[in-house]
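Listed below are the residues making up each chain.
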Amino acid sequence: MSLSLSARLAAVDARIAAAAADAGRDPGEITRIVVTKFHPATLVRELYQLGVRAVGENRQQELTEKRGELAELAALQWHFIGQAQTNKAKRIRAATDVVHSVDRIAIAEALDRAAPSPDSTLDILLQVNLTDDPARGGVTPAALIPLAEQVAALSTLRIRGVMAVAPLEQAPLAAFTRLAASAADLRTVVPDASWISAGMSHDFADAIACGATHLRIGAAITGPRPARG
Ligand SMILES: *Cc1c(COP(=O)(O)O)cnc(C)c1O
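This structure is a prediction, so every number in the text was calculated from the model and none was measured.

A. Geometry of the overall build of the protein chain. Scanning the protein chain from N- to C-terminus turns up nine helices and eight strands. For the protein chain, the C-alpha radius of gyration of 17 Å lies close to 17 Å, the compact-globule estimate for 229 residues. Projecting the C-alpha coordinates of the protein chain onto the three principal axes gives extents of approximately 50 × 40 × 30 Å. Accessible surface, the protein chain as shown: approximately 10,300 Å² in total, 54% of it carbon and sulfur. Separation between the mean location of the 24 positive side-chain charges and that of the 24 negative ones in the protein chain comes to 5 Å.

Put into structure tokens, the structure is as follows:
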């Protein structure tokens, strides 16, 4: 067990608690997802031993492999945070508890068709693009409601909220404020869609200030990522 991993995890958790206190929020309503992409399954196991119960991955193949290797960690939740491809929907659905990156009806329909049974449900978030670049993942804020209405009709998906990555070219606080407005818009269609997945290593305090309920924190906890395989 690497001491520095536990120290980094504790330090991040202390900063989460401090940011929540500053915002007058209960840290208990904030889920800290540790992003383990590119790291080996052994690191995920160490995190589990330190009490981590939610991890995030952004590539289907890597997710499927790691979850398979760590199948005995039944209490561990796996979050898919990468761009989802329709031809991988079945494998994504089989390996994840929450998909954060639903940004078009085609991927929602593919995930719905991949349901193991008609009465199963998969938690999903609608990813919002906070940049002006349509090539970045996410639906534009203006197209969020029409997408939500279409996705809400798919019986095996449960819309829990919104997800976004802050644009590099803008202060995160301003971007996350716009995300909070999108989250409020979404609740006019899905009243209990209360989750906001926002905040990474460098901007999670701002995300907490803007109401984030799910933080996706990688390097600040895991240390630098190995080069992409
Ligand atoms: C990699 C990644 C993160 C974590 O980023 P860090 O800067 O390492 O905290 C969060 N969200 C998404 C969508 C990612 O791809």
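That shown, we press on.
B. Layout of the site of the ligand. Residues in close proximity to the ligand include Val 35, Lys 37, Ile 81, Met 163, Val 165, Met 200, Ser 201, Arg 216, Ile 217, Gly 218, Ala 219 and Arg 225, which together make up its full environment. A distance of 2.9 Å separates a nitrogen atom of the ligand from a polar side-chain atom of Arg 216. In the environment of the ligand, an oxygen atom lies 2.8 Å from a nitrogen or oxygen atom belonging to the backbone of Ala 219. Isolated, the ligand exposes 390 Å² of accessible area, and the fraction of that covered by the protein chains is 88%.

C. Structural detail: the nonpolar core. Formed by 64 residues in total, the largest nonpolar core has its most connected members in Leu 111, Ile 124, Leu 126, Leu 179 and Leu 186. For this core, the leading source of residues is helix H1 (residues 3-22), giving six residues. Excluding residues within four positions of it along the chain, Leu 126 makes contact with His 100, Val 102, Leu 144, Leu 147, Ala 148, Val 151, Ile 159, Gly 161, Val 162, Met 163 and Leu 186.

D. Geometry of the side chain of His 100. Tracing the sequence through the fold places His 100 in strand E4 (residues 98-102). The class of His 100 is buried, set by a relative accessible area of 0%. With residues up to four places along the chain from it excluded, the contact list for His 100 reads Ile 33, His 79, Phe 80, Ile 81, Leu 125, Leu 126, Gln 127, Met 163, Ser 197 and Arg 216.

E. Expanded view of the environment of Ser 101. Residue position: Ser 101 is located in strand E4. Residue Ser 101 is classed as buried on the basis of its relative accessible area of 1%. Sequence separation between Ser 101 and Ala 212 is 111 residues, and the spatial gap between their C-alpha atoms is 16 Å. With residues near it in sequence (within four places) discarded, Ser 101 still touches Phe 80, Ile 81, Gly 82, Ala 84, Leu 125 and Gln 127. Side-chain polar atoms of Ser 101 contact the backbone oxygen of Gly 82, separated by 2.5 Å.

F. A look at helix H7 (residues 172-189). Taking 1.5 Å of rise per residue, the 18 residues of H7 would be expected to cover 26 Å, and the 26 Å separating its terminal C-alpha atoms lies within 8% of that figure. Those residues of H7 not exposed but buried are Ala 175, Phe 176, Leu 179, Ser 182, Ala 183 and Leu 186. Along the long axis of H7, the arc covered by the buried residues comes to 110°, so they all point the same way. Taken together, the buried residues of H7 touch strand E5 (122-127), helix H6 (144-152), strand E6 (157-163), strand E7 (195-197) and helix H8 (204-209).

G. Quick look at unusual backbone geometry. Even without being a glycine, Phe 38 presents a positive backbone phi close to 75°. Mapped onto the elements of the fold, Phe 38 is located in the loop between strand E1 (31-35) and helix H2 (41-49).

H. Broad picture of the packing of aromatic side chains. Evaluation of the coordinates by the stated rule reveals zero aromatic pairs. The cationic tip of Arg 53 hangs over the ring face of Tyr 48; the distance from NZ or CZ to the ring centre is 3.7 Å.

I. Seen up close, the pairing of strand E2 (residues 54-57). Burial of the side chains of E2 extends over both faces: Ala 54 and Gly 56 are buried on one face and Val 55 and Glu 57 on the other. The pairing of E1 with E2 spans two bridges and is classified as parallel. Within E2, the residue paired with Val 35 across the bridge is Gly 56. Taken together, E1, H2 and E2 form a β-α-β motif whose crossover is right-handed.

J. Spotlight on the packing of H6 against H7. Orientation of H6 relative to H7, taken along the N-to-C sense of each, is 40°, at an axis distance of 10 Å. In terms of orientation, H6 and H7 fall into the oblique class. H6 and H7 meet at a crossing whose hand is right-handed. Taken together, the residues of H7 that come into contact with H6 (itself represented by Leu 144, Ile 145, Ala 148 and Glu 149) are Ser 182, Asp 185, Leu 186, Thr 188 and Val 189. Across the contact of H6 with H7, the residue classes tally to five nonpolar, two polar and two charged.

The rules we used
Residues numbered from 1 in each chain as written. Predicted model: local features only at pLDDT ≥ 70, side-chain atom pairs only at ≥ 80, totals over all residues. Heavy atoms only, no water. Helix = DSSP H or I, 4+ residues; strand = E, 2+ residues; numbered from the N terminus. Rg over C-alpha atoms; globule rule 2.2 N^0.38 Å. Areas by Shrake-Rupley, 256 points an atom, 1.4 Å probe, with all protein chains shown as cover. Lys, Arg positive; Asp, Glu negative; His and termini not counted. Charge placed at Lys NZ, Arg CZ, Asp CG, Glu CD. Near = heavy atom within 4 Å. Polar contact = N/O pair within 3.5 Å; in protein donor to acceptor, adjacent residues only side chain to side chain. Core = buried A, V, L, I, M, F, W, Y, C linked by side-chain atoms within 4.5 Å. Buried < 20%, exposed > 50% of the residue type's maximum accessible area, 1.4 Å probe, protein only. Contact = heavy atoms within 4.5 Å. Expected span 1.5 Å × (residues − 1). Arc of directions from axis to C-beta. Phe/Tyr/Trp six-rings, centres within 6.5 Å; stacked < 30°, edge-to-face > 60°. Lys NZ or Arg CZ within 6 Å of the ring centre and 35° of its normal. Pairing = 2+ DSSP bridges. Right-handed = clockwise from strand over helix to strand, strands pointing away. Axes fitted to C-alpha atoms, helices over the stretch in contact; angles between N-to-C directions. Parallel < 35°, antiparallel > 145°, perpendicular 65-115°, else oblique. Left-handed = near helix turned anticlockwise from the far one by under 90°. Nonpolar A, V, L, I, M, F, W, Y, C, P; charged D, E, K, R; others polar.

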